[in-house]
Amino acid sequence: MIAAIYEEFDGPIEIRTVPDPTPDPDGTIIRVAATGVCRSDYHGWRGHDPDITLPHVPGHELAGVIEELGASVRGWRVGQRVTVPFVTGCGRCPQCLAGHQQICDHQEQPGFTGWGSFAELVHVHHAAENLVALPDGVDDVTAASLGCRFTTAWRAVVEQGRTEPGEWLAVHGAGGVGLSAVMIGVALGARVVAVDVQPEALALARDLGATALIDAGAGDVVAALMDATEGGAHVSLDALGSTDTCANSLAGLRKRGRHIQVGILTGAASEHPVPMHHVIARELEVRGSHGMAAHGFPALLAMIERGALEPARLVRRRVDLAGGVDLLTEMDRNVSAGMAVIQMPGAG
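Given the structure is predicted, the values throughout are model-derived calculations rather than measurements.

Draft legend 1. Representation of the overall build of the protein chain in the model. Along its length, the protein chain carries eleven helices and 15 strands. Since a compact globule built from 348 residues should have a radius of gyration of about 20 Å, the 20 Å found for the protein chain is in line with a globular shape. Residues counted as buried form 55% of the 348 residues belonging to the protein chain. Here the contacts in the protein chain between residues at least 6 apart in sequence split such that 71% fall between residues at least 24 apart. Per element, the accessible surface of the protein chain, about 14,200 Å² overall, is 51% carbon and sulfur. Counting 25 positive and 41 negative side-chain charges, the protein chain places the centres of these two groups 7 Å from one another.

Draft legend 2. Region of the structure containing the pattern of salt bridges. Applying the stated criterion to the full structure yields 13 salt bridges. Where arginine 162 meets glutamate 285, a salt bridge forms, and the shortest distance between an N and an O atom there is 3.0 Å. Of this pair, arginine 162 sits in the loop between α4 (140-160) and β8 (168-172) while glutamate 285 sits in strand β13 (residues 285-288), placing them 123 residues apart in sequence. Using a relative accessible area of 24% as the deciding quantity, one classes glutamate 285 as partly exposed. The network of salt bridges with shared partners includes Glu7, Glu14 and Arg16.

Draft legend 3. Broad picture of the packing of α4 against helix α10 (residues 297-305). The geometry of α4 relative to α10 is characterised by a closest axis approach of 12 Å and an angle of 120° between their N-to-C directions. Relative to α10, the element α4 lies oblique. Crossing hand, α4 versus α10: right-handed. Where α4 approaches α10, its residues Thr142, Leu146, Phe150, Thr151 and Trp154 are matched on the opposing element by Phe297, Ala299, Leu300, Leu301, Met303 and Ile304.

Draft legend 4. Up close: the sheet that holds β8. Pairing within the open sheet is parallel, and its six strands lie in the order β10-β9-β8-β11-β12-β13. The open sheet has two edge strands with one neighbour each: β10 (212-215) and β13. Sheet twist, expressed as the mean angle between neighbouring strand axes with direction ignored, is 20°. Where strand β11 (residues 233-238) and strand β12 (residues 253-261) come together, five bridges link them in parallel fashion. Paired with aspartate 238 across the bridge in β12 is glutamine 261. Strand contacts of helix α8 (residues 243-251): β8, β11, β12 and β13, with the helix running at about 150° to β12, the strand carrying the most contacts.

Draft legend 5. Summary view of the pairing of β11. Along β11, six of the six residues are buried, which leaves the element largely enclosed by surrounding structure. For β8 and β11, the ladder comprises four bridges, and the chain directions are parallel. Each residue of the ladder has a partner; that of valine 171, found in β11, is leucine 237. Assessed by its sense of winding, the connection that carries the chain from β11 through α8 to β12 is right-handed.

Draft legend 6. Molecular detail of the packing of aromatic side chains. All chains considered together, the criterion is met by two aromatic pairs. Taking 6.4 Å as the distance between ring centres and 55° as the angle between the ring planes, the aromatic pair formed by tyrosine 6 and phenylalanine 9 counts as tilted. The exposure class of tyrosine 6 is buried, given its relative accessible area of 0%. Here the aromatic rings of tyrosine 42 and tryptophan 45 are separated by 5.9 Å at their centres, their planes lie at 55°, and the arrangement is tilted. Residue tyrosine 42 and its partner tryptophan 45 are located together in helix α1 (residues 39-46), separated by three residues, close to a single helical turn. On the basis of relative accessibility, which here comes to 3%, the residue tyrosine 42 falls in the buried class. The class for tryptophan 45 is buried, based on a relative accessible area of 7%.

Draft legend 7. Quick look at helix α11 (residues 321-329). What α11 keeps buried is the set Leu321, Gly323, Gly324, Val325, Leu328 and Thr329. Contact partners of the buried residues in α11: β1 (2-6), β2 (13-17), β3 (28-37), α1, β14 (315-319) and β15 (339-343).

Scoring rules and cut-offs
- Residues numbered from 1 in each chain as written.
- Predicted model: local features only at pLDDT ≥ 70, side-chain atom pairs only at ≥ 80, totals over all residues.
- Heavy atoms only, no water.
- Helix = DSSP H or I, 4+ residues; strand = E, 2+ residues; numbered from the N terminus.
- Rg over C-alpha atoms; globule rule 2.2 N^0.38 Å.
- Buried < 20%, exposed > 50% of the residue type's maximum accessible area, 1.4 Å probe, protein only.
- Contact = heavy atoms within 4.5 Å.
- Areas by Shrake-Rupley, 256 points an atom, 1.4 Å probe, with all protein chains shown as cover.
- Lys, Arg positive; Asp, Glu negative; His and termini not counted.
- Charge placed at Lys NZ, Arg CZ, Asp CG, Glu CD.
- Salt bridge = Lys/Arg side-chain N within 4 Å of Asp/Glu carboxyl O.
- Axes fitted to C-alpha atoms, helices over the stretch in contact; angles between N-to-C directions.
- Parallel < 35°, antiparallel > 145°, perpendicular 65-115°, else oblique.
- Left-handed = near helix turned anticlockwise from the far one by under 90°.
- Pairing = 2+ DSSP bridges.
- Right-handed = clockwise from strand over helix to strand, strands pointing away.
- Phe/Tyr/Trp six-rings, centres within 6.5 Å; stacked < 30°, edge-to-face > 60°.

The following block contains the structure:
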(Lines give C-alpha, C1' and ligand atoms only; values in the text may rest on other atoms or scores of the structure.)
Protein backbone atom coordinates (compact mmCIF):
# COMPACT_ATOMS: atom_id res chain seq x y z
CA MET A 1 0.00 0.00 0.00
CA ILE A 2 0.93 3.68 -0.30
CA ALA A 3 1.42 5.47 3.02
CA ALA A 4 2.95 8.62 4.52
CA ILE A 5 5.63 7.42 6.91
CA TYR A 6 8.34 8.95 9.10
CA GLU A 7 11.34 7.25 10.65
CA GLU A 8 12.39 9.95 13.10
CA PHE A 9 10.47 12.49 15.14
CA ASP A 10 10.38 15.93 13.58
CA GLY A 11 11.99 14.40 10.50
CA PRO A 12 10.82 14.06 6.89
CA ILE A 13 7.51 12.37 6.13
CA GLU A 14 7.80 10.37 2.93
CA ILE A 15 5.07 8.88 0.76
CA ARG A 16 6.12 5.42 -0.28
CA THR A 17 5.04 1.80 -0.68
CA VAL A 18 4.94 -0.23 2.54
CA PRO A 19 3.60 -3.73 3.30
CA ASP A 20 -0.18 -4.16 3.45
CA PRO A 21 -1.56 -4.87 6.93
CA THR A 22 -3.32 -8.16 7.69
CA PRO A 23 -6.20 -8.44 10.16
CA ASP A 24 -6.11 -10.12 13.54
CA PRO A 25 -8.87 -12.73 13.98
CA ASP A 26 -11.08 -10.07 15.63
CA GLY A 27 -9.82 -7.13 13.56
CA THR A 28 -10.52 -5.53 10.21
CA ILE A 29 -8.69 -3.78 7.38
CA ILE A 30 -10.31 -0.54 6.21
CA ARG A 31 -9.56 0.99 2.82
CA VAL A 32 -9.27 4.69 3.63
CA ALA A 33 -11.42 7.08 1.60
CA ALA A 34 -10.78 10.22 3.64
CA THR A 35 -8.86 11.18 6.76
CA GLY A 36 -8.56 14.35 8.79
CA VAL A 37 -5.39 16.34 9.39
CA CYS A 38 -5.34 16.97 13.13
CA ARG A 39 -3.00 18.77 15.52
CA SER A 40 -2.72 15.57 17.55
CA ASP A 41 -0.94 14.01 14.57
CA TYR A 42 1.38 17.00 14.50
CA HIS A 43 2.24 16.50 18.17
CA GLY A 44 2.86 12.81 17.48
CA TRP A 45 5.24 13.64 14.63
CA ARG A 46 7.07 16.09 16.88
CA GLY A 47 7.67 13.32 19.44
CA HIS A 48 5.20 14.44 22.10
CA ASP A 49 3.30 11.13 22.33
CA PRO A 50 4.97 8.26 24.23
CA ASP A 51 2.76 5.64 22.55
CA ILE A 52 4.33 6.13 19.12
CA THR A 53 7.13 3.82 18.01
CA LEU A 54 9.14 4.38 14.86
CA PRO A 55 8.75 4.05 11.93
CA HIS A 56 5.23 5.43 12.02
CA VAL A 57 2.24 6.33 9.85
CA PRO A 58 0.04 9.11 11.32
CA GLY A 59 -3.70 9.66 10.98
CA HIS A 60 -6.64 8.85 13.24
CA GLU A 61 -9.74 10.55 11.77
CA LEU A 62 -10.89 8.22 9.04
CA ALA A 63 -13.73 7.00 6.89
CA GLY A 64 -13.61 4.20 4.38
CA VAL A 65 -14.84 0.75 3.44
CA ILE A 66 -14.16 -2.65 4.94
CA GLU A 67 -11.48 -4.33 2.83
CA GLU A 68 -10.99 -7.50 4.86
CA LEU A 69 -12.42 -9.00 8.04
CA GLY A 70 -10.77 -11.21 10.63
CA ALA A 71 -11.98 -14.79 10.85
CA SER A 72 -13.97 -14.26 14.08
CA VAL A 73 -15.72 -10.99 13.15
CA ARG A 74 -19.49 -11.30 12.72
CA GLY A 75 -22.16 -8.81 11.73
CA TRP A 76 -20.06 -6.85 9.23
CA ARG A 77 -19.30 -7.33 5.54
CA VAL A 78 -16.58 -6.45 3.06
CA GLY A 79 -17.45 -3.27 1.16
CA GLN A 80 -19.46 -1.72 4.01
CA ARG A 81 -18.80 1.98 4.63
CA VAL A 82 -17.51 2.64 8.14
CA THR A 83 -15.70 4.94 10.50
CA VAL A 84 -14.17 4.28 13.93
CA PRO A 85 -13.68 6.27 17.15
CA PHE A 86 -10.20 7.68 17.58
CA VAL A 87 -9.98 5.71 20.85
CA THR A 88 -10.80 2.06 20.27
CA GLY A 89 -11.82 -0.20 23.13
CA CYS A 90 -11.02 -3.83 23.85
CA GLY A 91 -14.63 -4.74 24.65
CA ARG A 92 -13.67 -6.82 27.68
CA CYS A 93 -12.34 -4.55 30.45
CA PRO A 94 -14.62 -3.09 33.18
CA GLN A 95 -14.77 0.29 31.41
CA CYS A 96 -15.84 -1.24 28.09
CA LEU A 97 -18.38 -3.51 29.76
CA ALA A 98 -19.87 -0.41 31.41
CA GLY A 99 -20.13 1.34 28.01
CA HIS A 100 -17.14 3.65 28.49
CA GLN A 101 -14.94 2.40 25.66
CA GLN A 102 -13.43 5.87 25.25
CA ILE A 103 -11.50 5.27 28.49
CA CYS A 104 -10.81 1.57 27.91
CA ASP A 105 -8.19 0.13 30.25
CA HIS A 106 -6.41 -1.28 27.18
CA GLN A 107 -7.33 1.41 24.67
CA GLU A 108 -5.67 1.69 21.30
CA GLN A 109 -5.50 4.64 18.94
CA PRO A 110 -4.85 4.15 15.22
CA GLY A 111 -2.19 6.69 14.30
CA PHE A 112 -0.64 6.53 17.79
CA THR A 113 -0.46 3.04 19.29
CA GLY A 114 -0.31 1.65 15.75
CA TRP A 115 -0.04 2.82 12.15
CA GLY A 116 -2.76 5.21 11.13
CA SER A 117 -4.86 6.40 8.22
CA PHE A 118 -2.41 8.51 6.18
CA ALA A 119 -2.40 5.38 4.05
CA GLU A 120 -4.50 3.37 1.64
CA LEU A 121 -5.22 0.73 4.30
CA VAL A 122 -5.44 0.77 8.10
CA HIS A 123 -5.85 -2.07 10.60
CA VAL A 124 -8.40 -1.70 13.42
CA HIS A 125 -8.39 -4.21 16.29
CA HIS A 126 -11.57 -5.45 18.00
CA ALA A 127 -13.74 -4.65 14.99
CA ALA A 128 -17.07 -5.66 16.52
CA GLU A 129 -16.63 -3.16 19.37
CA ASN A 130 -15.34 -0.26 17.32
CA LEU A 131 -16.77 -0.18 13.79
CA VAL A 132 -19.45 2.42 13.09
CA ALA A 133 -21.67 1.97 10.03
CA LEU A 134 -22.00 5.11 7.90
CA PRO A 135 -25.43 5.94 6.47
CA ASP A 136 -25.76 6.86 2.80
CA GLY A 137 -26.55 10.45 3.74
CA VAL A 138 -23.11 11.01 5.31
CA ASP A 139 -20.31 11.29 2.73
CA ASP A 140 -16.68 10.31 3.27
CA VAL A 141 -15.33 13.81 3.90
CA THR A 142 -18.08 14.57 6.41
CA ALA A 143 -17.45 11.27 8.19
CA ALA A 144 -13.69 11.92 8.34
CA SER A 145 -14.32 15.42 9.68
CA LEU A 146 -16.07 13.87 12.71
CA GLY A 147 -12.76 12.29 13.63
CA CYS A 148 -11.59 13.18 17.09
CA ARG A 149 -12.65 16.81 16.98
CA PHE A 150 -16.37 16.73 16.24
CA THR A 151 -17.07 13.57 18.25
CA THR A 152 -15.05 14.92 21.17
CA ALA A 153 -17.06 18.13 21.05
CA TRP A 154 -20.32 16.18 20.79
CA ARG A 155 -19.63 14.13 23.89
CA ALA A 156 -18.35 17.17 25.81
CA VAL A 157 -21.39 19.32 25.00
CA VAL A 158 -24.13 16.68 24.96
CA GLU A 159 -23.10 13.87 27.30
CA GLN A 160 -20.63 15.41 29.75
CA GLY A 161 -21.95 18.98 29.69
CA ARG A 162 -25.65 18.01 29.45
CA THR A 163 -26.29 21.29 27.65
CA GLU A 164 -29.96 22.30 27.52
CA PRO A 165 -31.86 24.66 25.18
CA GLY A 166 -31.61 28.26 26.35
CA GLU A 167 -28.51 27.70 28.47
CA TRP A 168 -25.35 29.71 27.97
CA LEU A 169 -22.48 27.64 26.59
CA ALA A 170 -19.01 29.22 26.62
CA VAL A 171 -16.40 27.76 24.27
CA HIS A 172 -12.80 28.77 24.99
CA GLY A 173 -10.73 28.19 21.86
CA ALA A 174 -12.37 28.20 18.42
CA GLY A 175 -10.20 25.60 16.73
CA GLY A 176 -11.53 22.34 15.32
CA VAL A 177 -13.00 21.12 18.63
CA GLY A 178 -14.23 24.55 19.66
CA LEU A 179 -15.98 25.34 16.38
CA SER A 180 -17.56 21.88 16.45
CA ALA A 181 -18.82 22.66 19.95
CA VAL A 182 -20.25 25.98 18.73
CA MET A 183 -22.17 24.23 15.95
CA ILE A 184 -23.44 21.52 18.28
CA GLY A 185 -24.47 23.99 20.98
CA VAL A 186 -26.40 26.11 18.48
CA ALA A 187 -28.14 22.99 17.13
CA LEU A 188 -29.20 22.09 20.67
CA GLY A 189 -30.74 25.53 21.17
CA ALA A 190 -28.08 26.86 23.53
CA ARG A 191 -26.80 30.44 23.47
CA VAL A 192 -23.14 30.14 22.60
CA VAL A 193 -20.25 32.46 23.43
CA ALA A 194 -17.06 31.83 21.46
CA VAL A 195 -13.73 33.01 22.93
CA ASP A 196 -10.56 33.18 20.84
CA VAL A 197 -7.74 35.50 19.80
CA GLN A 198 -8.00 34.88 16.05
CA PRO A 199 -10.43 37.13 14.13
CA GLU A 200 -10.91 34.44 11.46
CA ALA A 201 -11.91 31.86 14.07
CA LEU A 202 -14.34 34.25 15.74
CA ALA A 203 -15.86 35.17 12.38
CA LEU A 204 -16.42 31.50 11.61
CA ALA A 205 -17.99 30.99 15.05
CA ARG A 206 -20.35 33.88 14.29
CA ASP A 207 -21.26 32.30 10.94
CA LEU A 208 -22.04 29.05 12.78
CA GLY A 209 -24.55 30.86 14.99
CA ALA A 210 -22.64 31.99 18.09
CA THR A 211 -24.66 34.54 20.05
CA ALA A 212 -21.62 36.45 21.31
CA LEU A 213 -17.91 36.66 20.49
CA ILE A 214 -15.08 37.56 22.88
CA ASP A 215 -11.59 38.52 21.73
CA ALA A 216 -9.41 36.94 24.40
CA GLY A 217 -6.57 39.34 23.58
CA ALA A 218 -8.61 42.48 24.08
CA GLY A 219 -9.08 42.59 27.85
CA ASP A 220 -10.60 40.79 30.83
CA VAL A 221 -12.12 37.61 29.40
CA VAL A 222 -14.01 36.64 32.56
CA ALA A 223 -15.59 40.09 32.95
CA ALA A 224 -16.62 40.09 29.29
CA LEU A 225 -18.04 36.60 29.66
CA MET A 226 -20.01 37.46 32.79
CA ASP A 227 -21.47 40.45 31.00
CA ALA A 228 -22.32 38.55 27.81
CA THR A 229 -23.99 35.66 29.66
CA GLU A 230 -25.84 37.76 32.23
CA GLY A 231 -23.97 36.30 35.18
CA GLY A 232 -21.92 33.40 33.85
CA ALA A 233 -22.18 30.38 31.59
CA HIS A 234 -24.16 27.29 32.53
CA VAL A 235 -21.65 25.11 30.66
CA SER A 236 -18.09 25.99 29.69
CA LEU A 237 -15.54 24.10 27.60
CA ASP A 238 -11.82 24.62 27.58
CA ALA A 239 -11.39 23.41 24.01
CA LEU A 240 -7.81 24.68 23.71
CA GLY A 241 -5.91 23.48 26.76
CA SER A 242 -3.87 26.20 28.46
CA THR A 243 -3.59 27.60 31.97
CA ASP A 244 -5.42 30.75 30.85
CA THR A 245 -8.29 29.06 29.04
CA CYS A 246 -8.81 26.55 31.85
CA ALA A 247 -8.86 29.27 34.52
CA ASN A 248 -11.12 31.54 32.46
CA SER A 249 -13.52 28.70 31.75
CA LEU A 250 -13.94 27.92 35.44
CA ALA A 251 -14.10 31.54 36.59
CA GLY A 252 -16.67 32.37 33.90
CA LEU A 253 -19.26 29.89 35.18
CA ARG A 254 -22.36 30.84 37.11
CA LYS A 255 -23.26 28.98 40.31
CA ARG A 256 -23.67 25.22 39.78
CA GLY A 257 -22.17 25.53 36.33
CA ARG A 258 -20.38 22.69 34.52
CA HIS A 259 -16.77 22.96 33.33
CA ILE A 260 -15.64 20.40 30.74
CA GLN A 261 -11.91 20.06 30.12
CA VAL A 262 -11.29 18.95 26.56
CA GLY A 263 -8.01 20.60 25.55
CA ILE A 264 -4.89 18.85 26.81
CA LEU A 265 -2.52 20.87 28.98
CA THR A 266 1.03 19.75 28.28
CA GLY A 267 4.37 20.08 30.07
CA ALA A 268 4.33 22.10 33.27
CA ALA A 269 0.78 23.24 32.48
CA SER A 270 -0.45 19.66 32.97
CA GLU A 271 -0.04 20.23 36.73
CA HIS A 272 -2.02 23.48 36.60
CA PRO A 273 -3.96 23.90 39.88
CA VAL A 274 -7.74 24.10 39.66
CA PRO A 275 -9.12 27.23 41.41
CA MET A 276 -10.96 25.21 44.01
CA HIS A 277 -12.33 28.30 45.76
CA HIS A 278 -14.59 28.83 42.71
CA VAL A 279 -15.49 25.14 42.61
CA ILE A 280 -16.51 25.07 46.27
CA ALA A 281 -18.18 28.46 46.62
CA ARG A 282 -20.25 28.08 43.45
CA GLU A 283 -20.73 24.29 43.67
CA LEU A 284 -19.21 23.85 40.24
CA GLU A 285 -18.96 20.56 38.40
CA VAL A 286 -15.61 19.72 36.79
CA ARG A 287 -15.39 16.94 34.22
CA GLY A 288 -12.94 15.71 31.64
CA SER A 289 -13.98 14.48 28.21
CA HIS A 290 -11.94 12.05 26.13
CA GLY A 291 -13.43 11.07 22.81
CA MET A 292 -16.61 9.08 22.24
CA ALA A 293 -17.41 5.37 22.07
CA ALA A 294 -18.78 3.74 18.92
CA HIS A 295 -22.26 3.38 20.44
CA GLY A 296 -22.48 7.19 20.73
CA PHE A 297 -22.26 7.77 16.97
CA PRO A 298 -25.83 6.95 15.84
CA ALA A 299 -27.42 9.95 17.58
CA LEU A 300 -24.80 12.26 16.04
CA LEU A 301 -25.12 10.71 12.58
CA ALA A 302 -28.91 11.02 12.76
CA MET A 303 -28.66 14.78 13.37
CA ILE A 304 -26.29 15.08 10.41
CA GLU A 305 -28.61 13.08 8.14
CA ARG A 306 -31.57 15.30 8.93
CA GLY A 307 -29.54 18.46 8.37
CA ALA A 308 -29.49 19.70 11.96
CA LEU A 309 -25.67 19.53 11.94
CA GLU A 310 -23.36 20.21 8.99
CA PRO A 311 -19.80 19.25 10.01
CA ALA A 312 -18.60 19.67 6.42
CA ARG A 313 -19.01 23.44 6.88
CA LEU A 314 -15.90 23.27 9.04
CA VAL A 315 -13.83 21.64 6.31
CA ARG A 316 -11.96 24.53 4.74
CA ARG A 317 -9.39 22.51 2.77
CA ARG A 318 -9.57 19.23 0.85
CA VAL A 319 -6.18 17.90 -0.19
CA ASP A 320 -4.46 14.76 -1.45
CA LEU A 321 -2.05 12.72 0.67
CA ALA A 322 0.97 14.84 -0.28
CA GLY A 323 -0.96 18.00 0.55
CA GLY A 324 -1.96 16.52 3.90
CA VAL A 325 1.69 15.85 4.73
CA ASP A 326 2.52 19.47 3.91
CA LEU A 327 -0.28 20.75 6.14
CA LEU A 328 0.78 18.49 8.99
CA THR A 329 4.43 19.48 9.00
CA GLU A 330 3.60 23.19 8.64
CA MET A 331 0.84 23.23 11.24
CA ASP A 332 2.61 25.51 13.72
CA ARG A 333 3.51 28.00 10.98
CA ASN A 334 0.18 28.06 9.14
CA VAL A 335 -2.66 28.43 11.63
CA SER A 336 -6.10 28.79 10.05
CA ALA A 337 -9.66 28.26 11.17
CA GLY A 338 -11.57 25.11 10.34
CA MET A 339 -10.42 21.63 9.38
CA ALA A 340 -8.49 19.98 6.57
CA VAL A 341 -9.35 16.55 5.16
CA ILE A 342 -7.27 14.30 2.91
CA GLN A 343 -9.30 12.71 0.13
CA MET A 344 -7.88 9.48 -1.18
CA PRO A 345 -8.58 8.52 -4.82
CA GLY A 346 -12.22 7.45 -5.22
CA ALA A 347 -13.50 9.17 -2.06
CA GLY A 348 -17.11 10.24 -2.06
